[in-house]
Amino acid sequence: MRRNLFGDPRPELPESEVGAKVTGASRWFALYTTCRHEKRIAQHLQQREIEHYLPLYRADRKWRDGSKVTLELPLFPGYIFVRIRRSERASVLSVPGALAVVGGTGGEPAPLPETAIEALRVGLLEHRIEPHPLLRVGQFARIRSGTFAGMEGVVVRRKSGFRIVLTLEQIMQSVAIELDEDDVEPLVSGKIRQGSLLEVGHGLCIQQA
């Protein structure tokens, strides 16, 4: 989906996913990181008591010897979300592996809605979510019920089920969410509302298990 992720917070997350809270006028930002080092960088943020969120999803892998293992991998490879004041950007960028705070027009850091982060937190607990290639074309639809109600995106049908692709424009990354077909309705206009979305591109980060 090409609209920012919105949702209503419900359950709490394990402390391992969120760093120490920052008080004051802090906002969520996307932190662009060294590829395949997201977990290590999250540990550094934790040690410095910088509030952060690294959404993870579970993926089954099969090794060459035939053994199977379930891994926890970053949902958005190359990105971690941090909650900071704008004045604290330099402190965040001093963390090893932190490359840039994603900016919008004019090069200023582009904050993310609080509801977007909460929707990701709750959605990962309630749905099967995994990374998905960024989509620009397809059938547009709106989710009618549940945690992601009101969000708009692209319909993807697979043999294994029915999915909606949500896109977080600030970091140009998409995720696919499995839903019941009854939970989705087509957009009458056939177009997703752009609103004030910010399109900021970075190099792709491919996860290798």
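You'll find the structure just up there.
All of the points below concern the structure found in this document. Owing to the predicted nature of the structure, the values given are computational and were not obtained by experimental measurement.

**Points about unusual backbone geometry**
And step 1. Here the phi dihedral of Arg36 falls at roughly 65°; this positive angle occurs in a residue that is not glycine.
And step 2. With respect to the helices and strands, the residue Arg36 is situated in the loop between strand S1 (27–33) and helix H1 (38–47).
And step 3. What makes Arg36 partly exposed here is its relative accessible area of 45%.

**Thoughts on the sheet that holds strand S5 (residues 79–84)**
And step 1. Strand order across the open sheet formed by 4 strands is S2-S5-S1-S6, with antiparallel pairing between neighbours. Two strands in the sheet have a free side with no partner beyond their single neighbour: strand S2 (52–53) and strand S6 (98–101).
And step 2. Bridge count for S1 against S6 is 3 bridges, and the pairing is antiparallel. Residue pairing across strands places Thr33 opposite Ala98, the latter belonging to S6.
And step 3. Across the sheet, H1 lies against S1, S2, S5 and S6, angled at about 15° from S5, the strand it touches most.

Cut-off values and rules
- Residues numbered from 1 in each chain as written.
- Predicted model: local features only at pLDDT ≥ 70, side-chain atom pairs only at ≥ 80, totals over all residues.
- Heavy atoms only, no water.
- Helix = DSSP H or I, 4+ residues; strand = E, 2+ residues; numbered from the N terminus.
- Buried < 20%, exposed > 50% of the residue type's maximum accessible area, 1.4 Å probe, protein only.
- Pairing = 2+ DSSP bridges.
- Contact = heavy atoms within 4.5 Å.
- Axes fitted to C-alpha atoms, helices over the stretch in contact; angles between N-to-C directions.

In short, geometric facts, not functional conclusions.
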